[in-house]
Amino acid sequence: MTRFSNQEPAAVRAFLLFFIGFYLVTATGNLSETDDVYAFVFRTENFPFTQVSDPRLMLYHMLMRGFYLMVNALTGLIDWHVNALQTMRLFSIVCAAFALRLLFKIMVEHFRLNQNAALLGTLVLAFSYGFWRYAAEAEVYIPAIMLILWVFEGLLRRENTFWRIIRLGVVAGLTVLFYQPAVIPLFFAFPFLLLTRANFP
């Protein structure tokens with residue numbers, strides 16, 4: 001198998017594009033299962049940045065509002081309006097692809113799994129019902145997973161410096177403001193893992 005690392009940008013791009021395309025074409029039209037979507041879309045389209053409707057998801061709602069306005073500023077140039085459901089789903093899809101890439105990288109570069117095993121593990125997550133269902137939905141879970149994996153991958157690097165750890169701490173804090181339950185892995189589970197990192201391969 002071709003070495004799938006930062007030194008193989010073509011393979012990484014193909015991986016990301018495949019999953020972005022896959023989740024785009026398999027997005028469900030049924031929103032009854034994810035009823036929070038209705039509220040999230042309404043807030044994105046109608047609430048100003050300063051209105052904090054749900055403190056647990058403060059940065060998520062602010063970011064989705066900004067992304068929605070930015071996309072429509074661009075599509076407005078060709079007189080095309082994109083609703084918030086579409087922009088939020090697109091954001092989740094891109095985050096899902098990057099989350100899978102981060103997971104593969106963690107398993108290969110930090111846990112020293114061979115690439116076949118790492119790819120199998122990544123595909124199990126990619127095609128699991130929960131991840132697949134929310135990968136193309138206007139929900140907070142997949143973007144939060146991507147941010148959590150991003151911080152985790154950074155913490156696992158053995159060449160970390162003091163200031164790099166500080167920057168990762170800031171990102172972790174912002175991730176909690178993005179989705180409050182992220183505090184559990186970021187500030188409880190991950191520090192415990194780092195204390196036992198001598199057991200890592």
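What you see is a predicted model, and the numbers here were worked out from it, not measured in a lab. (Residues numbered from 1 in each chain as written. Predicted model: local features only at pLDDT ≥ 70, side-chain atom pairs only at ≥ 80, totals over all residues. Heavy atoms only, no water.)

Take the packing of aromatic side chains next. Overall, the coordinates contain 19 aromatic pairs when judged by the stated rule. Judged by centre distance (6.3 Å) and plane angle (55 degrees), the rings of Y23 and F131 are tilted. Of this pair, Y23 sits in helix 1 (residues 9-25) while F131 sits in helix 6 (residues 129-135); the two residues are 108 residues apart in sequence, bridging distant segments of the chain. A single burial state applies to Y23 and to F131, both of which are buried. Ring plane angle 40 degrees and centroid distance 6.4 Å describe the contact between F111 and F152, whose orientation is recorded as tilted. One end of the pair, F111, is in the loop between helix 4 (84-110) and helix 5 (115-126); the other, F152, is in helix 7 (residues 141-156), and 41 residues separate them in sequence. Looking at F111, the relative accessible area reads 28%, which means it is partly exposed. A relative accessible area of 8% places F152 in the buried class. (Phe/Tyr/Trp six-rings, centres within 6.5 Å; stacked < 30°, edge-to-face > 60°. Helix = DSSP H or I, 4+ residues; strand = E, 2+ residues; numbered from the N terminus. Buried < 20%, exposed > 50% of the residue type's maximum accessible area, 1.4 Å probe, protein only.)

Its 17 residues give helix 1 an end-to-end C-alpha distance of 24 Å, which sits within 8% of 24 Å, the value for a rise of 1.5 Å per residue. Buried residues of helix 1: V12, F15, L16, F19, I20, F22 and Y23, and no others. All buried residues of helix 1 fall inside an arc of 165 degrees around its axis, so they share one side. When the buried face of helix 1 is taken as reference, the exposed residues oriented beyond 90 degrees from it are R13, L17 and V25. (Expected span 1.5 Å × (residues − 1). Arc of directions from axis to C-beta.)

With that out of the way, let us pick up unusual backbone geometry. Of note, D79 is a non-glycine position whose phi angle comes to about 60 degrees, a positive value. Within the fold, D79 resides in the loop between helix 3 (58-75) and helix 4. Residue classification places D79 among the exposed residues on the basis of a relative accessible area of 74%. Despite not being glycine, R112 shows a phi value in the positive range, around 60 degrees. Looking at where R112 falls in the secondary structure, it is placed in the loop between helix 4 and helix 5. You can call R112 exposed: its relative accessible area is 53%.

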